[in-house]
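Working through the structure, step by step
Chain by chain, the residues run as shown.
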Amino acid sequence: MGIIKATKLVYDYLKYGEEGQEPEVNRAIDQVDLDVKEGQFIAVLGHNGSGKSTLAKQINALLVPTEGTLWVDQMDTSSEADVWRIRQKAGMVFQNPDNQIIGNMVEEDVGFGPENLGVPTEDIWKRVDESLQAVGMTAYRRQSPNKLSGGQKQRVAIAGVMAMHPRCIVLDEPTAMLDPNGRKEVLKAVRKLNQQEGVTVILITHYMEEVVFADDIYVMDSGRIVMHGTPREIFSQVDLLKKYRLDVPQATLLAHELIQAGVPLKEGILTREELVQELTGKEIRIPKDAVSGHKAQETEAAESPAARPGKTAKQPVLRLEHVYYTYSPGTAYEMHALKDVNLELPQGQFVGMIGHTGSGKSTLTQLLNGLVRPTDGTVLFEGENIWEENYPLRSLRSQVGLVFQYPEHQLFETDVLADVCFGPKNQGLSQEECEKRAREALKHVGLGEEFYAKSPFELSGGQKRRVAIAGVLAMNPKVLILDEPTAGLDPRGRDEILDQIASLHRVRGITILLVSHSMEDIARYVERIIVMNHGEKAFDGPPKQVFAHYKELETMGLAAPQITYIVHDLKEAGLLVDTEATTVEEARDTILSALGKRGELC
């Protein structure tokens, strides 16, 4: 028997009505068989609501089977007597780190688990040191977790589980809020645990690139296992994965597009190295740590002259002039989040903002709609200083809509329709007009009438995100600020939301500011990128121009889209491709041109 084994596992969520009627049954896991050998690295993929997170909670005995059996290290999870030992064996890292951080200081939080296990004090501190170093959070060990960004909190949560030295670690979208360098560090740490200490890893993720090195992949749909195999076996079935609302790594998708166009490549290419070798016959060597020398190059990159965006005739709807922001000034926790930021957002522009975790992105977005007041400098909306006496901040917040990183922070009504109606209602609109706007907004984010009467808190993380976006859209804002809007969404859900946002931008002329850690999303949708680095603006210009500085972006804890690296690798290998390509479509076209395979594609 493997370390994790499930036989005909079933789990039903029961919803009880107020009148004592029979509960409504929602089957989240349906006849699942699973056999995970000790020391394996397993990936679980699936769209929002497919049952992935419910399965993860079964492994940690947070939920117990409705039918069937789940064993963890030969212990039945439905046995109350074994629950404590099961949770020692199988550590869990949740989607939202706030669910598991309890310490007043980072190092205290990381040491909490080992202390509860009775680990000697000397060994606790050794484990704390190792775990914080593994996730790149040593410098923050004496800070309060409350002062950290979402991504930094996630690293602390992972360190806390790692410090317990479990035999199995279950990670439910652990990198959703991390910058590219943070994702790389966390995955490197998790793989090290797996390879060097034999810890079994079960990773749930929507980032397909993260699972190309997994031993096995399970794909879930409607609570069932619908695909099971090695990464190459799974990712070679591009069309089937798309049917299940999933995606493939960009290198795999690009190879698939080239095969469709008649280029003779093998199916199931997983990495950029494989693709380049297939296309050119030459091996490329990628440094094991592509962001080594981070600190040494940081100052040089930060001082690089920012590229200026093209001149526009449109008036800026929002403007920052010499803005500074300091958290907890004059205390031991003083932190300078923004330093002398000057910024203009013209009416109708689609802007992307990227930056490492803690770079000041979220602080800047909150300044733009008056949620926080700058320590120094001026914030102007349509030419007016929003912090002048008697300025109508309430009116500003309905015109500059903000969707937070965590949607549950802004959902509170009894049902979805009422929640989306809340903003228009506060604008003084009639109930009829409120509901009309709410229905339109929910349609925009792909939620039909079957969701109207549901409680927002019954929804999956991705569905909550859609409701939060709909709630802001229903107010018909002039500016829409989205702070990581696709975190927690499956690939098709991500594309649907971003396509709808792009449509809103085109049709209504709304100014969009998209904050994201996905370089691929940024490259595909925005016309201008602002790069934040340690509270300062490092670059500001069109995507192709900004991503041309991909090596400098790496020193800031960022990256370029995977396509950027592929075309540069191909150019170095002798293929005459356009190195400014940043999307799969652009890369496909320039590669076909270089190979002499011009013509219409299917």
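Just above, that's the structure.
Residues numbered from 1 in each chain as written. Predicted model: local features only at pLDDT ≥ 70, side-chain atom pairs only at ≥ 80, totals over all residues. Heavy atoms only, no water.

It is worth spelling out the overall build of the protein chain at this point. Helix and strand counts for the protein chain come out as 22 helices and 20 strands. Seen along its three principal axes, the alpha-carbon backbone of the protein chain occupies a region of about 70 × 70 × 55 Å. If you take every contact in the protein chain between residues at least 6 apart in sequence, the share linking residues at least 24 apart comes to 67%. Carbon and sulfur atoms make up 46% of the accessible area of the protein chain, which totals about 26,400 Å². Charged side chains of the protein chain number 66 positive and 87 negative; the gap between the two group centres comes to 2 Å. (Helix = DSSP H or I, 4+ residues; strand = E, 2+ residues; numbered from the N terminus. Contact = heavy atoms within 4.5 Å. Areas by Shrake-Rupley, 256 points an atom, 1.4 Å probe, with all protein chains shown as cover. Lys, Arg positive; Asp, Glu negative; His and termini not counted. Charge placed at Lys NZ, Arg CZ, Asp CG, Glu CD.)

Now for the sheet that holds strand 14 (residues 376–381). Taken in spatial order, the four strands line up as 12-11-14-15 in an open sheet, and their pairing is antiparallel. Unpaired on one side and paired on the other, strand 12 (335–346) and strand 15 (384–385) mark the two borders of the sheet. Here two bridges tie strand 14 to strand 15, and the two strands are oriented antiparallel to one another. In the sheet register, Phe381 faces strand 15, and the bridge partner there is Glu384. (Pairing = 2+ DSSP bridges.)

The strand order across the open sheet formed by six strands is 16-17-18-13-19-20, and the pairing between neighbours is mixed. One side of each edge strand has no neighbouring strand; the edge strands of this open sheet are strand 16 (400–403) and strand 20 (536–541). Ignoring strand direction, the axes of neighbouring strands in this sheet form an average angle of 15°. Alignment of strand 16 against strand 17 (residues 479–483), held across four bridges, turns out to be parallel. By the bridge assignment for strand 17, Gly401 is matched with Leu480. (Axes fitted to C-alpha atoms, helices over the stretch in contact; angles between N-to-C directions.)

Right, let's get into the pairing of strand 14. Pairing analysis gives five bridges linking strand 11 (residues 316–327) to strand 14, with the strands arranged antiparallel. Considered in strand 14, the bridge of Leu318 is made with Phe381.

Enumeration according to the criterion identifies 33 salt bridges in this entry. The shortest N-O distance in the salt bridge between Asp35 and Lys5 comes to 4.0 Å. A residue pair is termed long-range when its members are at least 10 positions apart, and Asp35 in strand 2 (residues 24–36) and Lys5 in strand 1 (residues 4–15) qualify at 30 residues. The class of Asp35 is partly exposed, set by a relative accessible area of 29%. The partner of Arg245 in a salt bridge is Asp490, with the nearest N and O atoms 3.3 Å apart. Taken together, the residues span a long stretch of sequence, with Arg245 in the loop between helix 8 (238–243) and helix 9 (250–260) and Asp490 in the loop between strand 17 and helix 17 (491–508) at a distance of 245 residues. An identical accessibility class is assigned to Arg245 and Asp490; each is buried. Residues participating in the shared-partner salt-bridge network are Asp12, Arg27, Asp30, Glu67 and Arg224. (Salt bridge = Lys/Arg side-chain N within 4 Å of Asp/Glu carboxyl O. Buried < 20%, exposed > 50% of the residue type's maximum accessible area, 1.4 Å probe, protein only.)

With 69 residues, the main nonpolar core has Ile217, Val219, Phe235 and Leu254 as its most contacted residues. In contact with Leu254, not counting residues within four places along its chain, are Leu275, Ile563, Ile566, Val584, Ala587, Arg588 and Ile591. Among the nonpolar cores identified, the runner-up in size contains 53 residues, and Phe350, Val403, Ala438 and Ala441 belong to it. (Core = buried A, V, L, I, M, F, W, Y, C linked by side-chain atoms within 4.5 Å.)

Moving on: the packing of helix 9 against helix 22 (residues 584–595). One can describe the packing of helix 9 onto helix 22 by two numbers: an axis separation of 10 Å at closest approach and a directional angle of 45°. For the element pair helix 9 / helix 22, the angle class is oblique. For the crossing formed where helix 9 meets helix 22, the hand is right-handed. Taking contact as the criterion, the partners of Gln250, Leu253, Leu254, Glu257 and Leu258 in helix 9 are, on helix 22, Val584, Ala587, Arg588, Ile591 and Leu592. Here the contact of helix 9 with helix 22 is built from residues that sort into seven nonpolar, one polar and two charged. (Parallel < 35°, antiparallel > 145°, perpendicular 65-115°, else oblique. Left-handed = near helix turned anticlockwise from the far one by under 90°. Nonpolar A, V, L, I, M, F, W, Y, C, P; charged D, E, K, R; others polar.)

Turning our eyes to something else, we now look at the state of the cysteines. The final tally for this structure, using the stated rule, is zero disulfides. No disulfide involves Cys421; its sulfur sits 5.5 Å from that of Cys434, the nearest cysteine. By relative accessible area, Cys421 is classed as buried at 7%. Among the residues examined, Cys434 registers a relative accessible area of 0% and is labelled buried. (Disulfide = S-S within 2.5 Å.)

Owing to its 3.6 residues per turn, the α-helix brings residues three or four apart onto one side. Listed in full, the buried residues belonging to helix 14 (residues 416–426) are Val416, Leu417, Asp419, Val420, Cys421, Gly423 and Pro424. Where helix 14 terminates, the next one or two residues include Gly428, which has phi positive at roughly 85°.

A word on the packing of helix 10 (residues 272–280) against helix 21 (residues 562–572). Two elements in contact, helix 10 and helix 21, have axes separated by 10 Å at closest approach and are oriented at 35°. Between helix 10 and helix 21 lies a crossing of right-handed hand. Of the residues in helix 21, those in contact with Arg272, Leu275, Val276, Leu279 and Thr280 of helix 10 are Gln562, Tyr565, Ile566, Asp569 and Leu570. Looking at side-chain class alone, the contact of helix 10 with helix 21 contains six nonpolar, two polar and two charged residues.

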